[in-house]
Amino acid sequence: MAKCYRSELVGAFGCPIDENPTGVMEEAAFREMSLDYRYLTVKVNPGDLKAAIEGVKAFQMKGINLTIPHKVEVLRYLDELSPAASIIGAVNTVINREGKLYGENTDGKGFLQSLEDEGISPLGKRITVIGAGGAARAVAVECALAGAEKVIIINRDEVRGKELVDLLKSRTKAQTQFIPFIKGMDIPAETDILVNATSIGLYPDCDKKPEINYDTITSKMTAADVVFNDPNTRFLAEAGKRGAKAINGLGMLVNQGALNFELWTGVKPPVDVMVRTLKEEFDL
Ligand code: NDP
């Protein structure tokens, strides 16, 4: 039988993209499962996304990840959206189904899986999310869809924060509330799970943390961070000092990558290999 010299292609489009480690993790998983796939990390400037998506079709790529600044704009080039992606209004993963492009958002699902991996369910819980950007929207919507009793949004920009609360009110069954972000503010005492879904603490500003009153975090709470670079954030360290269970952003990153792997290949991902590869990448 003739040998096949063509690899299946997936990848990521973003700008900036140079520091994105997803390709290392996905390629390790492809090798582990003996899949002839390549993950291309591609810089796509704002304004070039339409041409890049046409490229996905022309190259018959199996799919693509989208990151800053393309997660919202990509919606106009897709044929179909998952229910969650349509509520969140952003897509981080595209699957090419025989020329038809399907948009999914696996950020929030990856976050939920990282909670589940630690034995924590959002069902019936009160979840406080700091932030209202792309990651916060995905986390808040998926927690609400997964049965959280209440989702509280704390954000600096009030318009953005209230917009997310309105979205949760109109598209999910969870109770919801907006609280403006004020320096030194208390965390609502009813909180079961507190999530830092802002970019505060992200490399190179690893010494920064959301300026909240950390003494209002209790040992009954779980604290989760979406920031994964560096995963040992000051936010988690402060919450940990108050006895809260701490969950870092690597789990969310690995799990959304694992979900994407399966969506593209139809094969169960070797999650252990993906975790190990990322840890090696971050010298953990
Ligand atoms: P966005 O730019 O969409 O949102 C940033 C959010 O952070 C906004 O709510 C913004 O508030 C808030 N924020 C930023 N700086 C400050 C500050 N100094 N004080 C108060 N609030 C602040 O970014 P994303 O949501 O796309 O990304 C957020 C983080 O999530 C990044 O670190 C990213 O790496 C991480 N992420 C992690 C993933 C994972 O798999 N672990 C997946 C996706 C993202 P405001 O609205 O007031 O500006």
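No experiment lies behind these values; they were computed from the predicted model shown. (Residues numbered from 1 in each chain as written. Predicted model: local features only at pLDDT ≥ 70, side-chain atom pairs only at ≥ 80, totals over all residues. Heavy atoms only, no water.)

Here we come to the nonpolar core. Among the nonpolar cores identified, the biggest contains 34 residues, and Phe 111, Val 129, Val 139, Val 151, Ile 153, Leu 168 and Val 195 are the most heavily contacted of them. Those elements that provide at least two residues to this core are α3 (83–88), α4 (107–117), β7 (126–130), α5 (134–145), β8 (150–155), α6 (158–171) and β10 (193–196). Inspection of this core shows a minimum of three residues originating in each of domain 1 (8–105 + 251–281) and domain 2 (108–248). With residues up to four places along the chain from it excluded, the contact list for Val 129 reads Ala 136, Val 139, Ala 140, Val 151, Ile 152, Ile 153, Ile 154, Val 195 and Ala 197. Grouped together as the second largest cluster of nonpolar side chains are 19 residues, Val 10, Ala 29, Leu 250 and Phe 261 included. (Core = buried A, V, L, I, M, F, W, Y, C linked by side-chain atoms within 4.5 Å. Buried < 20%, exposed > 50% of the residue type's maximum accessible area, 1.4 Å probe, protein only. Helix = DSSP H or I, 4+ residues; strand = E, 2+ residues; numbered from the N terminus. Domains from an automatic or database assignment. Contact = heavy atoms within 4.5 Å.)

Per the UniProt record, "binding site: shikimate" (unreviewed entry) is annotated on Thr 67, Asn 92, Asp 107 and Gln 256. These residues run over 190 residues, yet every pair of their C-alpha atoms falls within 12.8 Å of each other. Within the secondary structure, Asn 92 sits in the loop between α3 and β5 (93–97). Aside from chain neighbours lying at most four places away, what touches Asn 92 is Ile 64, Asn 65, Leu 66, Lys 71, Glu 104, Asn 105, Thr 106, Asp 107 and Gln 256. When you line up the elements, Asp 107 lands in helix α4. According to the relative accessible area criterion, Asp 107 is buried, its value standing at 10%. Contact partners of Asp 107, with chain neighbours within four places excluded, come to Lys 71, Asn 92, Ala 138, Met 252 and Gln 256. A distance of 2.8 Å separates the side chain of Asp 107 from the side chain of Lys 71, its partner in a polar contact. (UniProt positions renumbered as here; feature names shortened; annotations may be inferred. Polar contact = N/O pair within 3.5 Å; in protein donor to acceptor, adjacent residues only side chain to side chain.)

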